[in-house]
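Examining the three-dimensional arrangement
Below, each chain spelled out in residue letters.
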Amino acid sequence: MTANQPPVVPGSGDAAVQAALQRAERTRHRNLPQFDDLPIPADTANLREGPNLHDDLLALLPLVGVWRGEGEVVYPTIDGPFKFGQQITFAHDGRPFLSYESRAWLLDDEGAVIRPAAREVGWWRPGPDDTLEVLLAHATGITEIYYGAPRTQTSWEIETDIVTRTASAKEVNAAKRLYGLVNGVDLAYVEERAMMGQEMQPHTSAYLRRVVG
Ligand code: HEM
């Protein structure tokens, strides 16, 4: 710490912000793996590199990056709660949408990896009047179209309009997600789902820290 930084009180919001600033020193030069021979702009998850962020994405700007952390999964039809690890990537190629990818893995009580879990990919598309369109495709045979909006400058809420599923997929009917920055720097979300004949209720939540950007 340099002389002109304020003292950090352990366990306080200040401490969290200071810790995040120190992490930022490690993440600010990192980006997604890049091909050096792609004839079009590559995806960047680091706002300091690659094409400029499209003006239409300003409301989503804080999300751009790669985030990694831990969460908890629950549902009345399954055992648990279980802990999981997760990495989420929000990237852009200069056009007015974000590419999105999430990978998750189940963890035991000691934090050791049990096995890979949910994967989803998609697109976050800002619409007119602060609306948000989100398309997700899940490896389990489910696709979803969400609509939503920013709730504040650092939180975003989306809810499914349509869920479709392949013949072999489990019954999933609807979902809602709330993403938000915590202490202005970390990314947390909660997700509720209506599936397997159940009412809308929590399935996953996680707290993620920036690892790129
Ligand atoms: C971080 C993301 C997620 C994690 C870690 C996760 C984890 C789990 C776990 C551990 C189970 C119990 C069965 C098993 O061991 O596989 C489960 C069940 C299930 N999850 Fe998730 N899940 C995630 C996201 C999702 C999403 C995005 C959907 C829907 C698109 C979904 C739909 C389901 C369904 C339908 C079941 C089956 C429930 C049942 O058989 O009664 N999950 N999930």
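Keep in mind that what you see is a predicted model, and the values were worked out from it rather than measured. (Residues numbered from 1 in each chain as written. Predicted model: local features only at pLDDT ≥ 70, side-chain atom pairs only at ≥ 80, totals over all residues. Heavy atoms only, no water.)

Quick look at the coordination of the iron atom of the ligand
Rules: Each metal site is built from N, O and S donor atoms within 2.8 Å (3.2 Å for Na, K and Ca), and since water is not included, such sites may look incomplete. Under the DSSP-based scheme used, a helix requires at least four consecutive residues in state H or I and a strand at least two consecutive residues in state E, with every element numbered from the N terminus.
Protein coordination of the iron atom of the ligand rests on one atom only, His203 (NE2), at 2.2 Å. Among the structural elements, histidine 203 can be located in strand E10 (residues 201-212).

Topic: the site of the ligand
Operational definition: Only a single heavy atom is needed: when it lies within 4 Å of a molecule or strand, its residue is near that molecule or strand. Residues adjacent in sequence count toward polar contacts only when both atoms are side-chain atoms; beyond that, a polar contact is any pair of N or O atoms within 3.5 Å, and within protein one must be able to donate a hydrogen and the other to accept it. Here the nonpolar group is Ala, Val, Leu, Ile, Met, Phe, Trp, Tyr, Cys and Pro; Asp, Glu, Lys and Arg are the charged ones; every other residue, Gly included, is treated as polar.
Neighbouring the ligand are 21 residues; Thr77, Arg115, Lys170, Arg193 and His203 lie closest to it. Lysine 170 is positioned such that a nitrogen or oxygen atom in its side chain is 2.7 Å from an oxygen atom of the ligand. The contact in question runs from a nitrogen atom of the ligand to an N or O atom on the side chain of histidine 203, over 3.0 Å. Where the shell around the ligand is concerned, the elements lending two or more residues are strand E2 (82-91), strand E3 (98-107), strand E4 (113-126), strand E8 (172-182), strand E9 (186-195) and E10. Its residues placed into classes, the shell around the ligand shows 11 nonpolar, five polar and five charged.

Comments concerning the UniProt feature "binding site: heme b" (unreviewed entry) in the protein
So the rule is basically this: UniProt positions are given in the numbering used here, feature names are shortened, and annotations may be inferred rather than shown by experiment. Should any heavy atoms of two residues lie within 4.5 Å, those residues are counted as being in contact. Think of it in three bands: residues with accessible area under 20% of the maximum for their type are buried, residues over 50% are exposed, and the middle band is partly exposed, with areas taken using a 1.4 Å probe on protein chains only.
Residues annotated in UniProt with the feature "binding site: heme b" (unreviewed entry) correspond here to Thr77, Lys170 and His203. Here lysine 170 lies in the loop between strand E7 (155-165) and E8. With residues up to four places along the chain from it excluded, the contact list for lysine 170 reads Ile142, Arg165 and Met196. Look at histidine 203 and you get buried, because its relative accessible area is 17%. In this structure histidine 203 touches Glu72, Val73, Val74, Tyr75, Ile78, Glu191, Glu192, Arg193 and Met195, once residues within four positions along its chain are discounted.

Some words on a nonpolar patch on the surface
Convention followed: A patch consists of residues exposed above 30% relative accessible area that lack any salt bridge, with like charges linked at up to 9 Å and nonpolar side chains (Val, Leu, Ile, Met, Phe, Trp, Tyr) linked at up to 5 Å. Reported accessibility uses the Shrake-Rupley method at a 1.4 Å probe radius. Residues are deemed covered only where the shown protein chains occlude them. Any carboxyl oxygen of Asp or Glu that lies within 4 Å of a side-chain nitrogen of Lys or Arg is treated as forming a salt bridge with it.
On the surface, Trp123, Leu135, Ile145, Tyr147 and Ile162 cluster together into a nonpolar patch covering about 440 Å² of accessible area. Relative to the helices and strands, tryptophan 123 is located in strand E4. A relative accessible area of 42% places tryptophan 123 in the partly exposed class.

Things to note about unusual backbone geometry
Cis geometry is adopted by the peptide bond preceding proline 81, which originates at glycine 80 and carries an omega value of 5 degrees. Position of proline 81 among the secondary structure elements: in the loop between strand E1 (65-73) and E2. Even without glycine at this site, aspartate 130 takes up a positive phi of about 65 degrees. In this structure, asparagine 183 takes a positive phi of about 55 degrees despite not being glycine. Relative to the helices and strands, asparagine 183 resides in the loop between E8 and E9.

Side note on the pattern of salt bridges
For the structure on display, the rule yields nine salt bridges. A salt bridge links arginine 193 to glutamate 144, with the shortest nitrogen-to-oxygen separation between them at 2.8 Å. Of this pair, arginine 193 sits in strand E9 while glutamate 144 sits in strand E6 (residues 142-152); the two residues are 49 residues apart in sequence, bridging distant segments of the chain. A salt bridge links arginine 177 to glutamate 191; the shortest N-O distance between them is 2.7 Å. Placement of the pair is arginine 177 in strand E8 and glutamate 191 in strand E9, with a sequence separation of 14 residues.

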